[in-house]
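A structural walkthrough
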Amino acid sequence: MAEPPSIPFRTTGSRLLHPLSILFNVPLDQVNFAVCQSFALFAAFWFRLYLSPSRAGAIVRHVVITMIGIYFAIFCFGWYSLHIFIEVSLCYCIMITASVSNIHRYSFVAAMGYLTLCQISRVYIFNYGLLATDFSGPLMIVTQKITSLAFQIHDGLGRKDEELTTEQRRLAVSARPTLLEYCSYHLNFLGILAGPTSSYKDYIAFIEGNHIDMKLIEEHWKQKGFSKFPDPSPLRAVANKMLITFICLVWFTVITKNFPISYNVDDKFISEASFFRKLCYLFISVHASRPKYYFAWTLADAINNAAGFGFSGLDKNGNLRWNLISNLNIWNIETATSFKMCLDSWNIQTGAWLKSVCYDRAPYFPTALTFILSALWHGVYPGYYFTFTTAILITLAARAMRSNFRHYFLSSRMIKVGYDIATWASTQLALCYIVTPFLLLATEPTIKFYKSMYFHFHILCALVLPILAVKKQKSVTQIDPTFLKAKSSNPAPNCQQPKKEQ
């Protein structure tokens, strides 16, 4: 009987669990990550039960949650974890010394600059080799938190209330954090390995024990029939999310490894397969690659919920909701009938970060700048930039198509169902086309993949955008100028400007 292929010994962290790596034939860096996250789940339950706000003060909770997080980082990444601590220390110095008018600029440049330097060195050292888990993941999460907090302090201390949007006003921070609060927010064990990002105000409310009350007040709990604050338990939410992680783990073990993304650029497959067969394999392989992200993000969400963090209020039926910091909505992703619907449901907290620090503040070209920032944040692999530049084109083309044609398919239920099926298929194929370079990483396989696909989505976007732009411009010029004058002089009451799509 042939022996299983050996797993290369590669890790930057502890070697204590190397025997488990050999036993299960799994890379050591993945073993370290999985064990730390499993331990974090039990530690989270312990933290909620034995270090609850009624049993321990905020300082004790800050210290314990931070020390465990630091240990996890050192265990998983060894001396490379210094990069995380250096970035946090550097940006804390900026936070306490910079003026409120510049704190967001200096923090953004320092955090993104340090992250980018680390990404460049990582690519150079590993030469396109990539550990499944390495220090750049936590560094990316820390960068989100540093920049978000800097903008929130700027909003709270450096801008007038009327200058802020509703969301900016809700998240604005009116006092600079202490060193302990700053370290706790960035290095706590609930999110240091896999996130997700949370707002500073929500996190501090959780540590101080005001998180549940604050969310219930926001949700108008009295109107839902409660005479006193309920004491919500996260057990059901944690159990449901752990079930999802188990299913994703089985899916990854049984299916994902049998449909590798790299086969899309296999020379024999490209030369022999028909275009339809290539599309089918592309669809299957990309969908097979998603469960590993579902696994990591859902497990991270469950860990936060187990500690009592993530409560978002009550739904219309009075049921408890634990999705405050959830990073994805799997059902919406798999059934998305528009590119925006999928973006809004995938890596949700990163999308919220991009919106708060870039999209809502960009004076020009917010969509393009947001995608560029997203690519820079992810790293310096060329595949990332192919993905996000293609995403800009497809996003703009999808908006144009939807605004010009969707209303023609709403006249009957059957037509609407047919439209939804067609838009679902096109959305899923577009997503597969977009994300494949992200998974291939390098330039050569990306170009090979685009050639095998005949650049069909690029060509469609190049045709759609100019034609629909001309059509839109033509329709604008045909509007009666007296109607425009009347509208400008007598606007409708309570008329709100439509929100920009992310």
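For the structure itself, look to the data block above.
The following paragraphs examine the structure supplied in this document. Quick caveat, the model's predicted, so the values are computed rather than measured.

Turning our eyes to something else, we now look at the overall build of the chain. Looking only at helices and strands, the chain features 23 helices and two strands. A burial count over the chain gives 46% of its 502 residues as buried. Sequence separation of 24 or more characterises 70% of the internal contacts of the chain that already satisfy a separation of 6 or more. About 26000 Å² of surface is accessible on the chain, with carbon and sulfur atoms providing 66% of the total.

Turning to the packing of aromatic side chains, a few remarks are in order. The final tally for this structure, using the stated rule, is 38 aromatic pairs. Taken together, a centroid distance of 5.9 Å and an interplanar angle of 45° make the contact between Tyr293 and Trp297 tilted. Of this pair, Tyr293 and Trp297 both sit in helix 14 (residues 291-306), four residues apart, roughly one helical turn. On the basis of relative accessible area, Tyr293 is assigned to the partly exposed category, the value being 23%. Ring centres of Phe386 and Tyr450 lie 6.2 Å apart, and the angle between their planes is 70°; this geometry places the pair in the edge-to-face category. Placement of the pair is Phe386 in helix 19 (residues 382-405) and Tyr450 in helix 21 (residues 443-452), with a sequence separation of 64 residues. A relative accessible area of 24% means that Phe386 is categorised as partly exposed. Taking the ring centre of Phe206 as reference, the NZ or CZ of Arg61 above it sits at 5.2 Å.

Okay, the side chain of Gln349 next. Mapped onto the elements of the fold, Gln349 is located in helix 17 (residues 348-359). Since its relative accessible area comes to 12%, Gln349 is described here as buried.

Glancing now at the environment of Thr390. With respect to the element layout, Thr390 can be found in helix 19. Put simply, Thr390 and His458 are 68 residues apart on the chain and 7.4 Å apart in space, counted from C-alpha to C-alpha. Beyond its immediate sequence surroundings of up to four residues, Thr390 is in contact with Tyr433, Ile434, Tyr450 and His458. At 2.7 Å, the side chain of Thr390 forms a polar contact with the backbone oxygen of Phe386. One polar contact links Thr390 to Tyr450, side chain to side chain, over a distance of 3.0 Å.

A word on unusual backbone geometry. Omega for the bond connecting Gly195 with Pro196 falls within 30 degrees of zero, at 0°, which places this linkage in the cis form. Take Pro196: it is sitting in the loop between helix 8 (179-187) and helix 9 (200-208).

For the structure shown, the criterion picks out 11 salt bridges. Taking the shortest distance from any N to any O, the salt bridge between Arg169 and Asp161 comes out at 3.3 Å. Since its relative accessible area comes to 35%, Arg169 is described here as partly exposed. Between Lys448 and Asp267 there is a salt bridge, with its nearest N and O atoms 3.0 Å apart. One end of the pair, Lys448, is in helix 21; the other, Asp267, is in helix 12 (residues 267-272), and 181 residues separate them in sequence. A cluster of three or more residues bridged by salt bridges with shared partners is formed by Asp155, Arg159, Glu163 and Arg361.

Here we take up the packing of helix 19 against helix 21. A packed helix pair is summarised by two numbers, namely the angle formed by the two axes and the spacing between the axes. The geometry of helix 19 relative to helix 21 is characterised by a closest axis approach of 8 Å and an angle of 40° between their N-to-C directions. Considering only the axes of helix 19 and helix 21, their crossing is right-handed. Counted together, Pro382, Gly383, Phe386 and Thr390 of helix 19 and Thr443, Thr446, Ile447 and Tyr450 of helix 21 form the full contact between these two elements.

Running from amino to carboxyl end, helix 18 (residues 366-378) crosses helix 19 at an angle of 155°, the nearest separation of the two axes being 9 Å. Here helix 19 runs roughly antiparallel to helix 18, going by the angle between their axes. Regarding helix 18 and helix 19, the two cross each other, and that crossing is right-handed. Taking contact as the criterion, the partners of Thr367, Ala368, Phe371, Ser374, Ala375, Leu376 and His378 in helix 18 are, on helix 19, Tyr384, Tyr385, Phe388, Ala391, Ile392, Thr395 and Arg399.

Counting 73 residues, the largest nonpolar core has Phe189 and Phe206 as the members making the most contacts within it. Ranked by residue count, the leading element in this core is helix 2 (residues 28-50), at nine residues. The residues touching Phe189, leaving out its near neighbours within four places in the chain, are Ala40, Ala43, Ala44, Phe47, Ile65, Ile68, Gly69 and Phe72. In terms of nonpolar packing, the next biggest core, distinct from the first, is built from 39 residues, Leu282, Val286, Met453 and Phe457 among them.

A cluster of nonpolar side chains, namely Leu243, Phe246, Ile247, Val250 and Val254, defines an oily patch on the protein surface of about 470 Å² accessible area. Within the secondary structure, Leu243 is located in helix 11 (residues 235-254).

Across its 28 residues, helix 20 (residues 413-440) extends 41 Å between first and last C-alpha, which sits within 8% of the 40 Å expected from 1.5 Å per residue. Ile434 marks the point of greatest bend in helix 20, at about 25°, and the proline Pro437 comes within the next four residues. Positive backbone phi, at 75°, marks Leu441, one or two positions downstream of helix 20.

Moving on: the side chain of Ser198. Among the structural elements, Ser198 can be located in the loop between helix 8 and helix 9. When residues no more than four places from it in sequence are discounted, the contact partners of Ser198 are Lys145, Tyr185, Tyr203, Phe309 and Ile325.

Rules and cut-offs
- Residues numbered from 1 in each chain as written.
- Predicted model: local features only at pLDDT ≥ 70, side-chain atom pairs only at ≥ 80, totals over all residues.
- Heavy atoms only, no water.
- Helix = DSSP H or I, 4+ residues; strand = E, 2+ residues; numbered from the N terminus.
- Buried < 20%, exposed > 50% of the residue type's maximum accessible area, 1.4 Å probe, protein only.
- Contact = heavy atoms within 4.5 Å.
- Areas by Shrake-Rupley, 256 points an atom, 1.4 Å probe, with all protein chains shown as cover.
- Phe/Tyr/Trp six-rings, centres within 6.5 Å; stacked < 30°, edge-to-face > 60°.
- Lys NZ or Arg CZ within 6 Å of the ring centre and 35° of its normal.
- Polar contact = N/O pair within 3.5 Å; in protein donor to acceptor, adjacent residues only side chain to side chain.
- Salt bridge = Lys/Arg side-chain N within 4 Å of Asp/Glu carboxyl O.
- Axes fitted to C-alpha atoms, helices over the stretch in contact; angles between N-to-C directions.
- Left-handed = near helix turned anticlockwise from the far one by under 90°.
- Parallel < 35°, antiparallel > 145°, perpendicular 65-115°, else oblique.
- Core = buried A, V, L, I, M, F, W, Y, C linked by side-chain atoms within 4.5 Å.
- Patch = residues over 30% accessible without salt bridge, like charges linked within 9 Å, V, L, I, M, F, W, Y side chains within 5 Å.
- Expected span 1.5 Å × (residues − 1).
- Bend = angle between axes of the 7 residues up to and from the residue.

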